[in-house]
Amino acid sequence: MTSVIPVAGRRAVPSGPQGARLGAPIDPIQLHAEAHNALAMALHYLRQPGALNVPGATRKAVQALAALRRLDAQVQGGVA
C-alpha cells in the first residue's frame, strides 16, 4: 500500500493583496515606475533600426496607460 502525502492546494494566483499583477501594485511610486518602464520599452521597440516592433510598442503603451489610470484612480481617492 502506498502512502499519500497531502500537498497544499495549488493556486494560479498568489493569495497576497499584491498578487500576480491583477490588482497590484498599490504603491503610487510603483505605479509611476511601471508606467515609466513601459513607455521606455515602447520607445525602445520603436527606435530599433532594422526591426521596428509596432505591436510590441503598442502593447507597452497600453500597459503604461493602464498604470497611469490606476495611479490617477488612487490619487483621486478611488481604488487602484
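In this text, all values refer to a predicted model and were calculated from it rather than measured experimentally.

## Points about the packing of helix α1 (residues 28–46) against helix α2 (residues 54–75)
Inference 1: At a closest axis distance of 8 Å, the pairing of α1 and α2 adopts a crossing angle of 160 degrees. Taken together, the axes of α1 and α2 lie roughly antiparallel to each other. In this structure, the crossing between α1 and α2 has a hand that is left-handed. Counting all contacts with α1, which are made through Pro 28, Leu 31, His 32, Glu 34, Ala 35, Ala 38, Leu 39, Met 41, Ala 42, Tyr 45 and Leu 46, the residues of α2 involved are Val 54, Gly 56, Ala 57, Lys 60, Ala 61, Gln 63, Ala 64, Ala 67, Leu 68, Arg 70, Leu 71 and Gln 74.
Inference 2: Split by residue class, the contact of α1 with α2 holds 16 nonpolar, 4 polar and 3 charged.

## Points about the pattern of salt bridges
Inference 1: Per the counting criterion, the structure on display carries 1 salt bridge.
Inference 2: A salt bridge links Arg 70 to Glu 34, with the nearest nitrogen and oxygen atoms 2.9 Å apart. Of the two residues, Arg 70 is situated in helix α2 and Glu 34 in helix α1; the sequence distance between them amounts to 36 residues.
Inference 3: Owing to a relative accessible area of 13%, Glu 34 belongs among the buried residues under this scheme.

## Here we look at the environment of Leu 65
Inference 1: With respect to the helices and strands, the residue Leu 65 is situated in helix α2.
Inference 2: The exposure class of Leu 65 is partly exposed, given its relative accessible area of 40%.
Inference 3: Taking the C-alpha atoms as reference, Leu 65 lies 9.8 Å from Glu 34; in sequence the two are 31 residues apart.

## Here we look at a nonpolar patch on the surface
Inference 1: Together, Leu 46, Leu 52 and Val 54 give the surface a local cluster of nonpolar side chains, amounting to about 270 Å² of exposed area.
Inference 2: Relative to the assigned elements, Leu 52 resides in the loop between α1 and α2.

## A word on the environment of Pro 55
Inference 1: Note on placement: Pro 55 falls in helix α2.
Inference 2: In this structure the C-alpha to C-alpha distance between Pro 55 and Tyr 45, which are 10 residues apart in sequence, comes to 9.0 Å.

## What to know about α2
Inference 1: Its 22 residues give α2 an end-to-end C-alpha distance of 31 Å, which sits within 8% of 32 Å, the value for a rise of 1.5 Å per residue.
Inference 2: Taken as a whole, α2 has its buried residues at Gly 56, Ala 57, Lys 60, Ala 64, Ala 67 and Leu 71. The buried residues of α2 occupy one face: seen down the axis, they fall within an arc of 95 degrees. Of the exposed residues in α2, the ones pointing more than 90 degrees away from its buried face are Pro 55, Val 62 and Arg 69.
Inference 3: For α2, the N-terminal cap is Asn 53; the gap from its side-chain oxygen to the backbone nitrogen of Gly 56 is 2.9 Å.
Inference 4: Count one or two residues on from α2 and you reach Gly 77, which has phi positive near 100 degrees.

Parameters at a glance
Residues numbered from 1 in each chain as written. Predicted model: local features only at pLDDT ≥ 70, side-chain atom pairs only at ≥ 80, totals over all residues. Heavy atoms only, no water. Axes fitted to C-alpha atoms, helices over the stretch in contact; angles between N-to-C directions. Helix = DSSP H or I, 4+ residues; strand = E, 2+ residues; numbered from the N terminus. Parallel < 35°, antiparallel > 145°, perpendicular 65-115°, else oblique. Left-handed = near helix turned anticlockwise from the far one by under 90°. Contact = heavy atoms within 4.5 Å. Nonpolar A, V, L, I, M, F, W, Y, C, P; charged D, E, K, R; others polar. Salt bridge = Lys/Arg side-chain N within 4 Å of Asp/Glu carboxyl O. Buried < 20%, exposed > 50% of the residue type's maximum accessible area, 1.4 Å probe, protein only. Patch = residues over 30% accessible without salt bridge, like charges linked within 9 Å, V, L, I, M, F, W, Y side chains within 5 Å. Areas by Shrake-Rupley, 256 points an atom, 1.4 Å probe, with all protein chains shown as cover. Expected span 1.5 Å × (residues − 1). Arc of directions from axis to C-beta. Polar contact = N/O pair within 3.5 Å; in protein donor to acceptor, adjacent residues only side chain to side chain.

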